[in-house]
Amino acid sequence: MTARRLELILPADAVAKAEPLLEKIPANQRWSSPLNDDLVRMTVLLRAEDTEVLVDRLTQAFGGTPGFRVFWQAVEATIPSLDPDDDEPKQVSEQTSGRISRQELYEDIATAAKLSPVYLINVVLSSVVATIGLIRDDIAVIIGAMVIAPLLGPNVALALAATLGDLKLARRTIQTGMAGVATAVVLAVAIGWVADIDPRTPAMLARTNIGFGDIALALAAGTAGTLAFTSGVPAALIGVMVAVALLPPLVTSALFVGAGYIQPALGAALLYLINVACVNLSGIATFLAYGIHPQFWWEEGTAKKSTRVAVASWFGLLVLIGAIWWWAGPQIEF
C-alpha cells in the first residue's frame, strides 16, 4: 500500500496544540513552514493505513478552528522507505487493518457512484457489448463488457451508506443505480424486440436458473469489489467479477421481455435481484470486518440501526425471491 503525504493548515497559535497529536510520527517525517503571519503548514509523511486515525484526531481537535484544513495525496514511493517492520515505534495506534482511510474510501466510492453522463454512457456501452455476447453465446465478449463495470460503484456505495448510516449517500446512490438499471433495461428490451433472440442460447439459458453456486458467486463478488475499494487498488479488474453477477442477468431478462419470453425473463430477473442482495450483504459484512464506522460517536447509533435495517431488508428479499422461485421456477418454459 502506498504512503500518504498529509498537509495540515493551522493558525500559528494552534501549532503547540497539534504537536502532541503528531508526537508518534517520527521527527524525520514531519515538517512545518509558515504560510503567512497567521497560518502554518505542517507536512506529515505516513503510511496509508495510519491516515484515518490521525485525521480523526486532528478533526476532533481543530474542526471548528478558522483556517483549519487537512488534505492528503498518495505517495507511490519514498526513499528511505516507510517500512512497517522496522524498529521504530508505530506511527499511530488503532491501526486500520491495512486499508485506506475512511475519508479517502468515502470519496472514492461516492465518485464511483455519481450519476453523470459518463456513467450512463458506460452503462449503454457495457449493455450493448453484453447483449451482443449473450446473443452470440460468446463468453469473451461478455467478459469484455464487464471490464467497464458500471454497476460496481452504486452497489458498493449502497453498502457503505448502510454501514455508516449515511442517508444522503444512500439516496444519491439509489438514484444512480436506478438510472443505470433503467438505461440497461430499456436498451436491452429494444434490442430484444428487433433482434432474433434464441431463448435456448447457453449463455442466456444459464441465467434463467438459480442455484447455490450463483449465490456463492454473488457473495464472493461483493466481497472482492468491496476489498478493491478498501485497499485502494484499481477496481477495474475486480469489477469484472461483480459485473458478471449483475449486468448479464439483468440484460438477459430485458432481452427476453423484448422478445416476448416472459417466463424465462422472470428467472433472469430473480437471479439479478438475488445477486444484488448478496453483493450488498457481503459488502456490508466486509466494511464491518475492516472496522469502517462513522467518525463521531453520536453517529454510531444511526449507523448501527441503518446496518440492521439494511441487512434485514436484503435477507427478507432473499427469502421472498426464494419463495417465488420455489413456486414459479419449475413452471418456467420456452
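As a reminder, the structure under discussion sits directly above these lines.
Residues numbered from 1 in each chain as written. Predicted model: local features only at pLDDT ≥ 70, side-chain atom pairs only at ≥ 80, totals over all residues. Heavy atoms only, no water.

1. A few points about the overall build of the protein chain
Okay, step 1: Helices and strands together make up the secondary structure of the protein chain, namely twelve helices and four strands.
Okay, step 2: A burial count over the protein chain gives 47% of its 334 residues as buried.
Okay, step 3: In the protein chain, the proportion of contacts linking residues at least 24 apart, taken out of those at least 6 apart, comes to 82%.
Okay, step 4: With the model as given, the accessible surface of the protein chain reaches about 16,100 Å², and the carbon-plus-sulfur share is 64%. (Helix = DSSP H or I, 4+ residues; strand = E, 2+ residues; numbered from the N terminus. Buried < 20%, exposed > 50% of the residue type's maximum accessible area, 1.4 Å probe, protein only. Contact = heavy atoms within 4.5 Å. Areas by Shrake-Rupley, 256 points an atom, 1.4 Å probe, with all protein chains shown as cover.)

2. Structural notes on the sheet that holds strand 1 (residues 3–11)
Okay, step 1: The antiparallel open sheet is built from four strands, whose spatial order is 2-3-1-4. Edge strands, defined here as strands with exactly one partner in the open sheet, are strand 2 (30–34) and strand 4 (69–75). Looking at each pair of strands side by side, their axes are set apart by 20° on average, direction ignored.
Okay, step 2: For strand 1 and strand 4, the ladder comprises seven bridges, and the chain directions are antiparallel. Each bridged residue has a counterpart across the sheet, and for Leu8 the counterpart in strand 4 is Val70. (Pairing = 2+ DSSP bridges. Axes fitted to C-alpha atoms, helices over the stretch in contact; angles between N-to-C directions.)

3. Notes on the environment of Asn209
Okay, step 1: One can find Asn209 in the loop between helix 8 (202–205) and helix 9 (212–230).
Okay, step 2: Separated by 61 residues in sequence, Asn209 and Leu270 place their C-alpha atoms 8.8 Å apart.
Okay, step 3: The residues contacting Asn209, other than those within four sequence positions of it, are Asp214, Leu271 and Trp325.

4. Comments concerning helix 2 (residues 51–62)
Okay, step 1: End to end, helix 2 covers 16 Å across twelve residues, agreeing with the expected 16 Å (1.5 Å per residue, within 8%).
Okay, step 2: Of all the positions in helix 2, only Thr51, Glu52, Val53, Leu54, Val55, Asp56, Leu58, Thr59 and Phe62 are classed as buried.
Okay, step 3: For helix 2, the elements touching its buried residues are strand 1, helix 1 (15–18), strand 3 (39–47), strand 4 and helix 3 (102–112). (Expected span 1.5 Å × (residues − 1).)

5. Describing the packing of aromatic side chains
Okay, step 1: Applying the stated criterion across every chain yields a total of two aromatic pairs.
Okay, step 2: With centroids separated by 6.1 Å and ring planes inclined at 85°, the aromatic side chains of Phe256 and Tyr261 adopt a geometry described as edge-to-face.
Okay, step 3: Judged by relative accessible area, which is 0%, Phe256 ranks as buried. (Phe/Tyr/Trp six-rings, centres within 6.5 Å; stacked < 30°, edge-to-face > 60°.)

6. Quick look at the environment of Met42
Okay, step 1: Counting through the fold element by element, Met42 comes out in strand 3.
Okay, step 2: Taking C-alpha positions, Met42 is 5.8 Å from Glu7, a pair spaced 35 residues apart along the chain.
Okay, step 3: Setting aside its immediate chain neighbours within four residues, Met42 contacts Leu6, Glu7, Leu8, Leu10, Val15, Ala18, Glu19, Leu22, Trp31 and Ser32.

7. Some details on the nonpolar core
Okay, step 1: Ranked by internal contacts, the top residues of the largest apolar core, which has 55 residues, are Leu105, Ile109, Leu160, Phe287 and Trp314.
Okay, step 2: The leading source of residues in this core is helix 11 (residues 262–289), at twelve residues.
Okay, step 3: In contact with Leu160, other than residues within four places in its own chain, are Leu105, Tyr106, Ile109, Leu169, Phe287 and Ile292.
Okay, step 4: Counting 18 residues, the second largest nonpolar core, distinct from the first, contains Leu22, Ile25, Met42 and Val70. (Core = buried A, V, L, I, M, F, W, Y, C linked by side-chain atoms within 4.5 Å.)

8. Let's talk about unusual backbone geometry
Okay, step 1: Positive phi, close to 60°, is recorded for Asp137, a residue that is not glycine.
Okay, step 2: Looking at the secondary structure, you find Asp137 in the loop between helix 4 (117–136) and helix 5 (139–146).

9. Quick word on helix 6 (residues 152–164)
Okay, step 1: With 13 residues, helix 6 extends 19 Å from end C-alpha to end C-alpha; this agrees with the ideal 18 Å at 1.5 Å per step.
Okay, step 2: Backbone geometry just after helix 6 places Gly165 at a positive phi near 70°.

10. Points about the pattern of salt bridges
Okay, step 1: Evaluation of the coordinates by the stated rule reveals eight salt bridges.
Okay, step 2: Ionic pairing is found between Arg4 and Glu104, a salt bridge with its closest N-O pair at 2.7 Å. Pair noted here: Arg4 is in strand 1 and Glu104 is in helix 3, with a separation of 100 residues, a long-range link. Residue Arg4 shares its accessibility class with Glu104, and that shared class is buried.
Okay, step 3: Close ionic contact of Arg30 with Glu19 constitutes a salt bridge, the shortest N to O distance being 3.1 Å. Of this pair, Arg30 sits in strand 2 while Glu19 sits in the loop between helix 1 and strand 2, and the two are eleven residues apart along the sequence.
Okay, step 4: The class of Glu19 is partly exposed, set by a relative accessible area of 32%.
Okay, step 5: Three or more residues are tied together by salt bridges with common partners; here these are Arg5, Glu7 and Arg41. (Salt bridge = Lys/Arg side-chain N within 4 Å of Asp/Glu carboxyl O.)

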